[in-house]
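What follows is the residue order along each chain.
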Amino acid sequence: MQPTHVGPMDRSYRFADIEADVQQRWAEADAFRVARDDREKFYCLSMFPYPSGKLHMGHVRNYTIGDVISRYKRMCGLNVLQPMGWDAFGLPAENAAIKNGVPPAKWTRENIAAMRDQLKQLGFAYDWSREIATCDPSYYRWEQWLFTKLFEKGLVYRKESVVNWDPVDQTVLANEQVVDGRGWRSGAIVEQRAIPQWFARITDYADELLDDLDKLDGWPDAVKTMQANWIGRSTGLEIDFAVAGHDAPLTVYTTRPDTLHGATYMALAADHPLVAAAADADSALAAFVEECRAGGTAESELTTREKKGYRLPVDAIHPLSGDKLPVFAANFVLMGYGTGAVMSVPAHDQRDWEFAKAYDLPIVSVIADDNGVPGDVSEAAFVAKGPLVNSGEDDGKDFDTAFNDIADRLEARGVARRKTQYRLRDWGLSRQRYWGAPIPIIHCDECGAVPVPEADLPVVLPEDVTPEGAGSPLPDMPEFVNCSCPKCGKDAKRETDTFDTFMESSWYFARFTCPDADAMIDDRAHYWMPVDQYIGGIEHAILHLLYARFFQKLMRDVGLAQADEPFKALLTQGMVLKDGAKMSKSKGNTVDPQALIETYGADTVRLFSMFAAPPDQSLEWSDAGVEGAHRFLHRLWRLVATHVEAGIVAPAATAEGEAAELRRKLHETIAKVGDDVGRRYTFNTAIAAIMELVNALGRIDDTPSAEWQAVRQEALEAIVRMLAPITPHVGDQLWRALGREGLLLDAEWPVADEAALVRDTLTLVVQVNGKVRARIDVPADADRDTVAQTALAEPNVVRHIEGKDLKKTIVVPGKLVNLVV
RNA sequence: GCCCGGGUGGCGGAACUGGUAGACGCGUCGGACUCAAAAUCCGAUUCUGGUGACAGAGUGCGAGUUCGAGUCUCGCCCCGGGCACCA
């Protein structure tokens, strides 16, 4: 190929024009619309945003990571699906409505339009034809449909459950709206109030959700550990303690029946029936129960409260010794967990120990330490397992033997059962809010709770409503509430609670594969699912990801889905910080992506977001760092312009002498960047390596030989392609400046030339007693003895081993020599 | 309180499998260009001592394993995420 003359290239990098042009080119080519074909697929999904108004830096970071992976996989030849949508139901829309008098529907849709525009400015390669907004009836109708299927299968049910009740505003509060036990608006002390709510039987799937974690090779161990601990499968013993003077026993669950001999008291939840019965005759106890009800329902609040109890006028009977045990009502035992009663072994449980100290209850150590004497419980509980002591016939037994012997004896008497229990609780689906998907149930005096028939779905949420203050407006809307029973036809009332918004985010990934399906999902999901790479914040490690996994299994079990798990690989991105703290309006340390896009362009914002930190760590935002990223793009632009002015040539395929060294650097970089982008997802180190290569290229003479020119052409083409996923706009422009046809996004990802990587000498480090004393150059094929002899000949090495015995010589091939004296 | 992470120069970070601590970028200092400034380019930049070659110290703190530890083990401290109605 002869040098081609291309018209003079503008020497300055005009990002605004370039980005608009390139985005137009993509639009004209409809470049991101995808469909099933014969190629291997890759489904890359970033967690969709709540449409809060405008993008923040966390979004920019999240979506840039997803876009880089998507574009890289596309250049590798895969059929890449990357969709985007809106998690459009939620509390902020109602708050905005109260504040500004705007209907949540209008507010939400305006925010969506604004944020969609921003995403387009950033140049993300989304197939916008698949866009979903979860507040559209065409979307939520299918989760209403699934709910009715689950109702038929008995997988949803109604039970009483406590909520945060604001007695002044007369409304239910979210945990977020409870600050220090008080309502955020009224300032009133929040009370726990039990109301009937719908639940999904996620505990029926607890074993599968736990066991399938082992299949998720592409998930971070930290997330799998958190989910496993959250599910919290344990094997233990359910034990009945007789109560003196009562027929009904107190049933408790324990994972440590080996410590049963050390049980010295019992603790009951404040709303346990036995407590309620006693409170009728004791006004002080009734006051204590009332006090336990004050404050929010968040677990963090309940478990950090000062532990308080109230002695009940009953005694339990120890099932082994027959001793009487005092029974307390306690504020740290919760009715919703297990049986609402616990046996307390203060010697071997820290919480029980603290309570026993406060209430002067006996602490009996029944587990021996390593020295065979009862564990020391003077300063704290002794929680380790060990042989039993002070345990009568069970003395000396280890944990397993004691567990089994005690279980066998109690089971034989019919007062205990071996039981597998979970920490995981069923998923409460009901919310007493307006801006959510209506729960498709009709309450009939005759027939009870009746699911809305499929033909009547969706139950559409009225949208021309502006909540004005506390509480959902739905119960006050007769046109919504009044209806007839689908079973008997009599007058009935519609359920006015809406779904938890985790419902919508638990299946959107599947809907993206077939957004226009006339069913929840259709067989297109079988091609695209599971998601090959899911990307989102670590804050979703438990709840969202667990519910989504649960929904995938539910959809499979109603015959819609094939995959057992929705997300093959997961990347949890870190937070974006400014001045060491999470960006927030209240701290005044926010950075607006929009202003940055306007000042520096999308490519600079994308580049800095990827360069500043590895994706899974927190990222410290730096305006100066953004300048640096911008400078780099200017430098690259000028480098290409200079090259193009000298003349475009065919890229080199081989080189000699110094040009060969540059070419080796090029192919080492290609190998490293391919590994960093394709396997490690460490985009920061990939960019650093490309910067090094650009620096090396910048050092060559401006008017080089034909050989230099060819190597430079080869290098620039590779650099532009390696940067293509990160800075796609400037890349596309430079790709054509270098004389290449077609869109850069369909160019092939560069592959390293093994022949260019060969080295004939290596530099090794020489250590004496682990300290670096010299560096030596040796032939790449030198044997150990040669290497050792070369090392021993170094003057500075000689100085450090003189007069000492050489005890050991360690040679690590290609790395170092360590001489031990 | 419980579960899960993280802590490396002035700053963001690199060191992937136990093998040269500080790549790359920012900042700072010095120089070139300019009447001058900006921009750009070149050089220096962990700390201490030394003109220097070099030497000593150094990855939150304290122990340990190893020829060798930022990396592995144990115990602490601090920061962050989650805790079921924020999303």
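Residues numbered from 1 in each chain as written. Chains lettered and ligands numbered in written order. Predicted model: local features only at pLDDT ≥ 70, side-chain atom pairs only at ≥ 80, totals over all residues. Heavy atoms only, no water.

K.L.:
Help me understand the protein's contact with RNA strand B, please; the structure alone is not making it clear to me.
P.N.:
Taken together, 72 residues sit near RNA strand B, with Asn-175, Arg-431, Arg-433, Arg-775 and Asn-818 positioned nearest. Backbone atoms, meaning sugar and phosphate, make up 65% of the atoms of RNA strand B lying within 4 Å of the protein. In this structure, a phosphate oxygen belonging to RNA strand B sits 2.7 Å away from a side-chain N or O atom of Arg-680. Counting residues per element, the surface near RNA strand B draws most heavily on helix α21 (residues 683-698), at six residues. Counted by class, the surface near RNA strand B contains 27 nonpolar, 22 polar and 23 charged residues. (Near = heavy atom within 4 Å. Polar contact = N/O pair within 3.5 Å; in protein donor to acceptor, adjacent residues only side chain to side chain. Helix = DSSP H or I, 4+ residues; strand = E, 2+ residues; numbered from the N terminus. Nonpolar A, V, L, I, M, F, W, Y, C, P; charged D, E, K, R; others polar.)

K.L.:
How do you make sense of the sheet that holds strand β6 (residues 171-173) when you look at a structure like this?
P.N.:
Picture the strands of a sheet paired through backbone hydrogen bonds; they go either parallel or antiparallel. With antiparallel pairing, the four strands of this open sheet are ordered in space as β6-β5-β9-β17. Edge positions in the sheet fall to β6 and β17 (427-428), since each of these pairs with one other strand and no more. Summarising the sheet, strand β5 (residues 156-166) and strand β9 (residues 191-200) pair through ten bridges and their orientation is antiparallel. Bridge assignment links Tyr-157 to a residue of β9, and that residue is Phe-199. (Pairing = 2+ DSSP bridges.)

K.L.:
Hey, could you run me through helix α20 (residues 657-680) in this one?
P.N.:
Residues separated by three or four positions in an α-helix point in the same direction, a consequence of the helix having 3.6 residues per turn. Look at α20: 33 Å from first C-alpha to last across 24 residues, which is about the 34 Å you get at 1.5 Å a residue. Those residues of α20 not exposed but buried are Ala-659, Leu-662, Arg-663, Arg-664, Leu-666, His-667, Thr-669, Ile-670, Val-673, Gly-674, Asp-676 and Val-677. Within two residues after α20, Tyr-681 carries a phi angle of roughly 55°, on the positive side. (Expected span 1.5 Å × (residues − 1). Buried < 20%, exposed > 50% of the residue type's maximum accessible area, 1.4 Å probe, protein only.)

K.L.:
Explanation requested: the nonpolar core in the structure shown.
P.N.:
Ranked by size, the top nonpolar core spans 191 residues in total, and within it Phe-509 and Trp-621 carry the most contacts. Apart from the residues within four sequence positions on either side, Phe-509 is in contact with Tyr-43, Leu-45, Met-529, Val-531, Ala-548, Gln-552, Met-555, Pro-566 and Phe-567. (Core = buried A, V, L, I, M, F, W, Y, C linked by side-chain atoms within 4.5 Å. Contact = heavy atoms within 4.5 Å.)

K.L.:
Can you walk me through the pattern of salt bridges in this structure?
P.N.:
Opposite charge on two side chains lets them pair, provided their charged atoms get close. Scanning the entire structure with this criterion turns up 59 salt bridges. The closest approach of N and O atoms between Asp-564 and Lys-215, which form a salt bridge, is 3.4 Å. Highlighted residues: Asp-564 in the loop between α16 (543-557) and β25 (570-573) and Lys-215 in the loop between α6 (206-211) and α7 (221-231), separated in sequence by 349 residues. Arg-663 serves as the salt-bridge partner of Asp-753, at 3.2 Å between the closest nitrogen and oxygen. (Salt bridge = Lys/Arg side-chain N within 4 Å of Asp/Glu carboxyl O.)

K.L.:
Help me understand the packing of aromatic side chains, please; the structure alone is not making it clear to me.
P.N.:
A ring pair, where both rings are aromatic, is described by two values, the distance of the centres and the angle of the planes. Scanning all chains against the criterion turns up 37 aromatic pairs. Both rings, one in Phe-509 and one in Phe-567, keep their centres 4.9 Å apart while their planes meet at 70°; by these two values the pair is edge-to-face. A residue pair is termed long-range when its members are at least 10 positions apart, and Phe-509 in helix α14 (residues 508-511) and Phe-567 in the loop between α16 and β25 qualify at 58 residues. Positioned above the aromatic ring of Trp-128, the side-chain terminus of Lys-120 is 5.3 Å from the ring centre. (Phe/Tyr/Trp six-rings, centres within 6.5 Å; stacked < 30°, edge-to-face > 60°. Lys NZ or Arg CZ within 6 Å of the ring centre and 35° of its normal.)

K.L.:
Explanation requested: the packing of helix α18 (residues 602-611) against helix α19 (residues 623-646) in the structure shown.
P.N.:
For any two helices packed against each other, one specifies the inter-axial angle together with the distance between the axes. In contact at an axis separation of 9 Å, α18 and α19 are set at 120° when each is read in the N-to-C sense. Crossing hand, α18 versus α19: right-handed. Of α19, the residues touching α18 (which contributes Asp-603, Thr-604, Leu-607 and Phe-608) are Gly-625, Val-626, Ala-629, His-630, Phe-632 and Leu-633. Of the residues contributing to the contact of α18 with α19, the split by class is six nonpolar, three polar and one charged. (Axes fitted to C-alpha atoms, helices over the stretch in contact; angles between N-to-C directions. Left-handed = near helix turned anticlockwise from the far one by under 90°.)

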